[in-house]
2 protein chains.
Amino acid sequence: MAIEFWFEFASTYSYPAAMRIESVARGRGVDVVWRAFLLGPIFRAQGWNDSPFNLYPVKGRYMWRDLDRLCETQGLPLQHPTQFPRNGLLAARIAASAADEAWLPAFVRGVYDANFARDLDIAQSEVVAGCLERAGAPTAAVLETAASEAAKSALREQTERAQTLGLFGAPSFVVGDELFWGNDRLEAALDWHAAHVPRPGR
Amino acid sequence: MAIEFWFEFASTYSYPAAMRIESVARGRGVDVVWRAFLLGPIFRAQGWNDSPFNLYPVKGRYMWRDLDRLCETQGLPLQHPTQFPRNGLLAARIAASAADEAWLPAFVRGVYDANFARDLDIAQSEVVAGCLERAGAPTAAVLETAASEAAKSALREQTERAQTLGLFGAPSFVVGDELFWGNDRLEAALDWHAAHVPRPGR
């Protein structure tokens, strides 16, 4: 059984999580399943029409400072995006339709890098196209697929599944029936995996 | 320079933090300053009239499960309190007036143990008196002081200072000008201390 990584492209703490999850999980011999979803509908269900980091400025100020320190510790570049949160709908539709593609992890990391390290608008299809190119994806075909009803449905269904699983923020990790919320719970999720998931041949 | 530990007696994640901070900090050669405050006024300033874990039940359900796992990992007993949040006003007045007392850390741990391991109502003065007894405090004198205007002012001022420092939740840790929020940031706060606080004689 793998670890499911639930992320939203606008989510600040999903950035360090996306950048480190593959190497951390691989070090433990655990596969990662990448699950894009949208926080917007989930926040709206809680009565919020914006990021809680904007709605509660005291918490928002703390978050940016905390993220500064976290990225510095992790050796990650960080530019506070001039627009927050950014609209990651197109990127999320692509990711939700490409779960089995080998280029997906590199694409996801590229979108986070664009948003949080290069301050690019990930709502723009040219920016997303650049991320696809660099990840080695068949860019034109992927963008065409992303505009289809099937891709829209795939993301909608994945977001509904996130709600069913009890997700309320990102990043989140799911191991079996257990939910872990926050970049700082990645290690706990992997510890849970090691303690509770039987390995073949043991 | 020490690490300031800001806690609220009703706060769930303050429980594991209170139980481990002294041994973890001592292992790094750092003194702990214990700072009780009230979250109520801070939550009200954000428009909340109850714990966000009650106002947002999806988040609340997750928190209790997360706390189960955390306490199990830390070897701490946990009973979900039958009343949440409990009123820690009396205990907080005592703690805010007793910052320099040798019995304070044991008293604070005792109150958390009463609330979260023994499901006792920490709003009751008999319960608080029992915690004072076990911590070796002069119980009658401490309870008398706690009813004074000076004790009420001390807690009010400490809560106002928490707001000035940008605190919005508990537990929080302050090292110099840096704020760290959450039990899972204790190690980061101590890392910051090690990297940035000059030690005498070095």
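1. Some words on the layout of surface pockets
No. 1: Taken as a whole, the second largest pocket holds about 1,100 Å³ of empty space.
No. 2: Taken together, 36 residues form the lining of the second largest pocket, with Asp184, Arg185 and Glu187 of chain A together with Asp184 and Glu187 of chain B sitting closest to its centre.
No. 3: Of all the secondary structure elements, the ones that give two or more residues to the lining of the second largest pocket are helix H4 (57-74) and helix H10 (186-196) of chain A together with helix H4 (57-74) and helix H10 (186-196) of chain B.
No. 4: With eight residues, H4 of chain A is the single largest residue contributor to the lining of the second largest pocket.
No. 5: Residues of the lining of the second largest pocket, tallied by class, amount to 10 nonpolar, eight polar and 18 charged.

2. Side note on the packing of aromatic side chains
Residues and elements named next belong to chain A.
No. 1: Counted under the stated rule, the structure contains 42 aromatic pairs over all chains.
No. 2: Here Trp64 and Phe84 contribute two aromatic rings whose centre-to-centre distance is 5.2 Å and whose plane-to-plane angle is 80°, an arrangement assigned as edge-to-face. With Trp64 in helix H4 and Phe84 in the loop between H4 and helix H5 (89-97), the pair connects residues that are 20 residues apart, well separated along the chain. The residues Trp64 and Phe84 share a single accessibility class, namely buried.
No. 3: Of the aromatic side chains, those joined through ring pairs into one cluster are Phe5, Phe7, Phe9, Tyr15, Trp34, Trp103, Phe107, Tyr112, Phe116 and Phe173.

3. Observations concerning the interface of chain A and chain B
No. 1: Taken together, the contact between chain A and chain B spans 20 residues of the former and 20 residues of the latter.
No. 2: With both chains or domains summed, chain A and chain B bury close to 2,000 Å², and 54% of this area falls on carbon and sulfur atoms.
No. 3: Along the contact surface separating chain A from chain B lie eight salt bridges.
No. 4: We note a salt bridge from Asp184 of chain A to Arg185 of chain B, for which the minimum N-O separation is 2.7 Å.
No. 5: Inspection of the region where chain A meets chain B yields 14 residue pairs in polar contact (both at pLDDT 80 or more).
No. 6: Sorting the residues of the side of chain A that touches chain B by element identifies H4 and strand E4 (178-181) of chain A as the ones contributing at least two each.
No. 7: It is H4 of chain A that provides the largest number of residues to the side of chain A that touches chain B, a total of six residues.
No. 8: Grouping the constituent residues of the side of chain A that touches chain B by class yields 11 nonpolar, two polar and seven charged.

Definitions and limits used
Residues numbered from 1 in each chain as written. Chains lettered and ligands numbered in written order. Predicted model: local features only at pLDDT ≥ 70, side-chain atom pairs only at ≥ 80, totals over all residues. Heavy atoms only, no water. 1 Å grid on protein atoms, 1.4 Å probe; cavity = no way out; pocket = protein on both sides within 12 Å on 5 of 7 lines; lining within 4 Å. Points joined across faces, edges and corners; volume = space filled by probe spheres on them. Helix = DSSP H or I, 4+ residues; strand = E, 2+ residues; numbered from the N terminus. Nonpolar A, V, L, I, M, F, W, Y, C, P; charged D, E, K, R; others polar. Phe/Tyr/Trp six-rings, centres within 6.5 Å; stacked < 30°, edge-to-face > 60°. Buried < 20%, exposed > 50% of the residue type's maximum accessible area, 1.4 Å probe, protein only. Contact = heavy atoms within 4.5 Å. Buried area = accessible area lost by both parts, 1.4 Å probe. Salt bridge = Lys/Arg side-chain N within 4 Å of Asp/Glu carboxyl O. Polar contact = N/O pair within 3.5 Å; in protein donor to acceptor, adjacent residues only side chain to side chain.

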